[in-house]
Amino acid sequence: MRPERGLDPSVANREGAAAGLPAYVLRVPTGTYRSLNPFTKSVIALSSAIVAFGVRGWTGPLIVLALTAAIAAIAGVTRSLRRFVLATIPIVVSILLVNAFLYPGATDVLFTVGPFAATGTGVTVALQATLRVVAFALSVAVFSLTTATDDFLADLEHRGTGRRLTFVVGSAIGMIPAMASRATEIVEAQRARGLDTEGSIRRRIRGIVPLAGPMVFGALSEVEERTVALEARGFSAPARRTVMRILPDSGLQRALRWFVGLGSIVAVAASIAGRFPLP
Amino acid sequence: MTLRLSAATYRYAGARRNALDGVDLELSAGTVLGVVGPNEAGKSTLCLVASGLAPVVVAGRLSGSVTIDGRETTDMRPHELAQRCGILFQNPQAQLSGTAATVFEEIAFGPRNLGLSLSTVIQRIAACLEALGIAALADRDPARLSGGQAQLVALAAILALEPDFLILDEPTSQLDPQGTRLVGEALRRLVGERRTAILVVEHKTALLDRLADRVVVVDEGRIVREGPTADVLDDPMLPRHGVEPPPRVRVRSALTAAGMGTPAATDLLMAELAS
């Protein structure tokens, strides 16, 4: 795909390429949305969250949902969003039930289930809250699906974020697959020794205990080892860390970031002040 | 350029007994000191203490002294220690940063921490990849390496810091014979070309036989035997300390016991086989 104007990656990475960095390290992102600077994408995701939760009524979350759907289509990640929507189901169900049946002060009863009465006000609030949660989840999902973790970290470093903060962010993101992989290893090891972790809920719950212990203690032990190993690699050196990758950025993107960021704050402020009445 | 331990005694925080007890050692430029001993003998603790990480980073109480060129390691900050004395741990996966997307970037982690210029960082990475014969791994994800590959990458990551002293805790434990040979050759080059001083804990006494100038035997936190490599590894008491003699010594012992040759003739035979 042709790079957008002002985003010529060869310009941004000229220094690294000249120094001899191989292409597999430069990893210039391609695609209309993916090639945006990670900071730009994070500002869009953050602003979407601000608007989804900050702008009253239906308008805020619906605008964010429409925008997110458009971005997802451009970036080609619409299909991948399904699992993120599914992941919100537990929280969405609890929001719907609590608000529909237990909304304080609501009297417009729609129907009753035993001693509980669902109210129109409660259902409206619940649907709006659901939309906000889904809009927020999808905006974060689009960010994560279109931004490689190492691109995000490289950009944070380039912008002068401290190495500790960058490392913590990177480790936290990297920890999720690492923990999942460790859990699989432990479960397989426990099964090999005869522990039955499949079948009824009771059996599955019983299988959690022998999983949790090694998981927690193993992780703690590894943190200690890794801390020592990091120090052995000069992690606490006072010098500014050498930046290896500079991701494409442009004046146009800087303007877009300011516009989106300030725009979301203005929209929330105006909504709270009742300056523009929205449905 | 000398790393010296004088009556070094170390006890981990909360432990009831010393992990290291009155150890005296000296490591000079261009020499290799081998360390052997049974499990739980205190070899890894010796590595941590010699590198200065204990007690600077690893909590515990050190008595006696550990100095690098006359300066106490306890007076040095971790990043200063890292530049003088590199350490490779037993578990290579825990030594990797966990944040690098490729082996190339993993090796770059240390030099970048020191704020070296990008061209210097790249030069060092290329040299380390070449030295350990792992250039083909450069674009691989460090999290998906085999144990042996991870060990080589972790070693490369330490070599990239170009320390004067190198402390290696079982650097070939997960390597096949070819990997072990590569590591041995790389270490020999470091000693010859850069005058790096190396302390290497190793169960593979065959490697030490070819690499080390001197060997110490550690047991229950103490040095129980010390001397030139050939003397120590030929010592018939070695197995009593949980150390298996190198093949050369075992074959010679077997042949001599069977009345099939003199020790000198067996050594000649082993040298021929090795060549």
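Everything numeric here is computed off the predicted structure, so don't read it as measured data.

## Considering the overall build of chain B
Phase 1: Along chain B, the regular secondary structure elements total twelve helices and ten strands.
Phase 2: For a compact globule of 275 residues, the expected C-alpha radius of gyration is about 19 Å, and chain B comes in at 19 Å, within 12% of that figure.
Phase 3: Out of the 275 residues in chain B, the part that is buried amounts to 49%.

## What to know about the interface of chain A and chain B
Reports of interface size often rely on the accessible area that becomes lost once the parts have come together.
Phase 1: Between chain A and chain B, the residue contacts involve 30 residues of the former and 34 residues of the latter.
Phase 2: Those elements giving two or more residues to the side of chain A that touches chain B turn out to be helix 2 (14–19), helix 3 (23–26), helix 9 (149–158), helix 10 (163–192) and helix 11 (201–231) of chain A.
Phase 3: Residue classes in the side of chain A that touches chain B are distributed as 14 nonpolar, eight polar and eight charged.

## A look at the sheet that holds strand 9 (residues 214–219) of chain B
All names here are of chain B.
Phase 1: Strands sit in the order 6-7-8-3-9-10 across an open sheet of six strands; the sheet is mixed. Strands with a single pairing partner mark the edges of an open sheet, and in this sheet they are strand 6 (85–88) and strand 10 (222–228). With strand direction ignored, the average angle separating the axes of adjacent strands in the sheet is 15°.

## Description of the packing of helix 4 (residues 38–54) of chain A against helix 8 (residues 120–146) of chain A
All names here are of chain A.
Phase 1: At a closest axis distance of 9 Å, the pairing of helix 4 and helix 8 adopts a crossing angle of 175°. Here helix 4 lies roughly antiparallel to helix 8, going by the angle between them. On the side of helix 4, the interface is formed by Lys-41, Ser-42, Ala-45, Ser-48, Ala-49, Ala-52 and Phe-53, while helix 8 contributes Arg-132, Ala-135, Phe-136, Ser-139, Val-140, Phe-143 and Thr-146.
Phase 2: In terms of residue class, the contact of helix 4 with helix 8 is made up of eight nonpolar, four polar and two charged.

## What about the domain arrangement of chain A?
Phase 1: In terms of domain boundaries, chain A breaks down into domain 1 (9–156 + 243–273) and domain 2 (161–231).
Phase 2: Of note, the centres of domain 1 of chain A and domain 2 of chain A, computed from C-alpha atoms alone, are 29 Å apart.

## A closer look at the environment of Gly-263 of chain A
Residue and element names in this part refer to chain A.
Phase 1: Relative to the assigned elements, Gly-263 resides in helix 12 (residues 251–273).
Phase 2: For Gly-263, a count of 13 C-beta atoms within 10 Å translates into the label partly exposed.
Phase 3: Separated by 102 residues in sequence, Gly-263 and Thr-161 have C-alpha atoms that sit 25 Å apart.

## Considering the sheet that holds strand 1 (residues 2–12) of chain B
Paired through their backbone hydrogen bonds, the strands of a sheet run either parallel or antiparallel.
All names here are of chain B.
Phase 1: Taken together, four strands build an open sheet; the order of strands is 2-1-4-5 and the sheet is antiparallel. In this open sheet, the two edge strands, each paired with only one partner strand, are strand 2 (20–28) and strand 5 (71–72).
Phase 2: Bridge count between strand 4 (residues 60–68) and strand 5: two bridges; the pairing is antiparallel. Bridged to Thr-67 within strand 5 is Glu-72.
Phase 3: Relative to strand 1, helix 1 (residues 43–51) is tilted by about 125°, and along the sheet it contacts strand 1, strand 2 and strand 4.

## A word on unusual backbone geometry
Phase 1: The residue after Ala-54 of chain B, namely Pro-55 of chain B, is reached through a cis peptide bond having omega 10°.
Phase 2: Looking at where Pro-55 of chain B falls in the secondary structure, it is placed in helix 2 (residues 53–56).
Phase 3: For Arg-27 of chain A, which is not glycine, the phi torsion reads 40° and is therefore positive.
Phase 4: Position of Arg-27 of chain A among the secondary structure elements: in the loop between helix 3 and helix 4.
Phase 5: Judged by local crowding, Arg-27 of chain A falls into the buried class, with 20 C-beta atoms found within 10 Å.
Phase 6: Positioned with a positive phi, Glu-162 of chain B is a non-glycine residue whose angle comes to about 50°.
Phase 7: By the secondary structure assignment, Glu-162 of chain B is in the loop between helix 7 (147–159) and strand 7 (165–169).

## Brief notes about the nonpolar core
Phase 1: Core analysis: the biggest nonpolar cluster contains 100 residues, and Val-49, Ile-107, Val-153 and Ala-156 of chain B have the highest contact counts within it.
Phase 2: Take this core: its biggest share by element is nine residues, from helix 7 of chain B.
Phase 3: When we break this core down by domain, the ones giving at least three residues each are domain 1 (9–156 + 243–273) and domain 2 (161–231) of chain A.
Phase 4: In this structure Val-49 of chain B touches Leu-5, Ala-8, Tyr-10, Leu-20, Ala-54, Leu-62 and Val-66 of chain B, once residues within four positions along its chain are discounted.
Phase 5: Residues Ile-44, Ala-137, Leu-138 and Phe-143 of chain A belong to the second largest nonpolar core, which totals 22 residues.

## Here's the deal with the environment of Ala-271 of chain B
All names here are of chain B.
Phase 1: Structurally, Ala-271 is set in helix 12 (residues 263–274).
Phase 2: Judged by local crowding, Ala-271 falls into the exposed class, with 10 C-beta atoms found within 10 Å.
Phase 3: A sequence separation of 94 residues divides Ala-271 from Pro-177, and the C-alpha atoms of the two residues are 18 Å apart.

## Examining the packing of helix 7 (residues 89–102) of chain A against helix 8 of chain A
Residues and elements named next belong to chain A.
Phase 1: Put simply, helix 7 and helix 8 touch, their axes get as near as 7 Å, and they point 160° apart. What the angle tells us is that helix 7 and helix 8 run roughly antiparallel. Where helix 7 crosses over helix 8, the two elements pack in a sense that is right-handed. Residue-level inspection shows Ile-91, Val-92, Ile-95, Leu-96, Asn-99, Ala-100 and Phe-101 of helix 7 in contact with helix 8, the latter providing Gly-122, Val-123, Val-125, Ala-126, Ala-129, Thr-130, Val-133 and Val-134.

About the cut-offs
Residues numbered from 1 in each chain as written. Chains lettered and ligands numbered in written order. Predicted model: local features only at pLDDT ≥ 70, side-chain atom pairs only at ≥ 80, totals over all residues. Helix = DSSP H or I, 4+ residues; strand = E, 2+ residues; numbered from the N terminus. Rg over C-alpha atoms; globule rule 2.2 N^0.38 Å. Buried ≥ 20, exposed ≤ 12 C-beta atoms within 10 Å, placed from the backbone. Contact = placed C-beta atoms within 7 Å. Nonpolar A, V, L, I, M, F, W, Y, C, P; charged D, E, K, R; others polar. Pairing = 2+ DSSP bridges. Axes fitted to C-alpha atoms, helices over the stretch in contact; angles between N-to-C directions. Parallel < 35°, antiparallel > 145°, perpendicular 65-115°, else oblique. Domains from an automatic or database assignment. Core = buried A, V, L, I, M, F, W, Y, C linked by C-beta atoms within 7 Å. Left-handed = near helix turned anticlockwise from the far one by under 90°.

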